[in-house]
Amino acid sequence: FDCDGVLWYGGKQIGSAFRNIEALEALGKKVFFVTNSSKITREEMAAKLTNGEFGYKNLKMDHLYPSASLASLFLKQNMPDCKKVWVIGSDSLKEELQLMDKDAEEFPEYDATGINSAQIDQIELDPEVGAVVQGMDPQVNHAKLAITSLYLQQEGVMWITTNEDPYGVSETGLRTPGNGQYVA
């Protein structure tokens, strides 16, 4: 089951979603939970599923698949020699990558001040970075996008995006820029 917008909306359950899931499990069906949100780890997803609002009782960690975990698993299976990745995304995405022994590279000195073309020409990219993993980043800025583009221009660097949603939705239903806006 997709979670965001199907089982829950923000912190609220949609309809009788979990009662229906438990009925399917009573029939012997296996249930998996997926979300293309990279702003949640497996641990955070487990906590949300079992909290008072949802109260899910049959939790199996290996049935939880937020996109941050899937990106990490993809790297582990398809690029086992890749130890360093450039990450544009949330702390949850970085945490999931680190759980798979991936060193999540970032350049925080550019986050607050921006970057200009003279600085771009001076950046020394880490030659060990083998992939760019991009998820929704609530602190995205020109500097992060510029450095991401530099890595993507390096031969052999793979680009992995957690989703290409053109927009996200706030708790009240307002649309906000999604990861797809930055992927484009």
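See the structure above.
So, how was this worked out
Residues numbered from 1 in each chain as written. Predicted model: local features only at pLDDT ≥ 70, side-chain atom pairs only at ≥ 80, totals over all residues. Heavy atoms only, no water. Helix = DSSP H or I, 4+ residues; strand = E, 2+ residues; numbered from the N terminus. Polar contact = N/O pair within 3.5 Å; in protein donor to acceptor, adjacent residues only side chain to side chain. Contact = heavy atoms within 4.5 Å. Phe/Tyr/Trp six-rings, centres within 6.5 Å; stacked < 30°, edge-to-face > 60°. Core = buried A, V, L, I, M, F, W, Y, C linked by side-chain atoms within 4.5 Å. Buried < 20%, exposed > 50% of the residue type's maximum accessible area, 1.4 Å probe, protein only. Pairing = 2+ DSSP bridges. Right-handed = clockwise from strand over helix to strand, strands pointing away.

Comments concerning the side chain of Ser 38
- In this fold, Ser 38 is placed in the loop between strand 3 (33-35) and helix 2 (42-50).
- Of note is the side chain of Ser 38, whose polar atom sits 3.2 Å from the backbone nitrogen of Met 136.
- Not counting residues up to four positions away in its chain, the partners in contact with Ser 38 are Ser 67, Ala 68, Ser 90, Ser 92, Leu 93, Gly 135, Met 136 and Thr 162.

Overview of the packing of aromatic side chains
- By the definition in use, this model includes seven aromatic pairs.
- Ring plane angle 55° and centroid distance 5.9 Å describe the contact between Phe 18 and Tyr 56, whose orientation is recorded as tilted. Taken together, the residues span a long stretch of sequence, with Phe 18 in helix 1 (residues 17-26) and Tyr 56 in the loop between helix 2 and strand 4 (64-66) at a distance of 38 residues.
- Seen from their ring centres, Trp 86 and Tyr 151 are 5.6 Å apart, and the 25° between their planes marks the pair as stacked.

Some words on the nonpolar core
- Residues Leu 7, Trp 8, Phe 18, Ile 21, Phe 33, Met 45 and Leu 49 are the most contacted members of the largest nonpolar core, which totals 15 residues.
- Those elements giving two or more residues to this core turn out to be helix 1 and helix 2.
- The residues touching Ile 21, leaving out its near neighbours within four places in the chain, are Phe 1, Leu 7, Val 31, Phe 33 and Tyr 56.
- With 13 residues, the next largest nonpolar core counts Ala 68, Val 85, Val 87 and Val 133 among its residues.

Description of the pairing of strand 8 (residues 158-161)
- Pairing between strand 7 (residues 129-134) and strand 8: four bridges, direction parallel. Bridging across to strand 8, Ala 131 finds its partner in Met 158.
- After leaving strand 7, the chain enters helix 6 (residues 142-152) and then returns to the sheet as strand 8, a path that is right-handed.

From the geometry alone we can't say anything about function, so treat these as descriptive.
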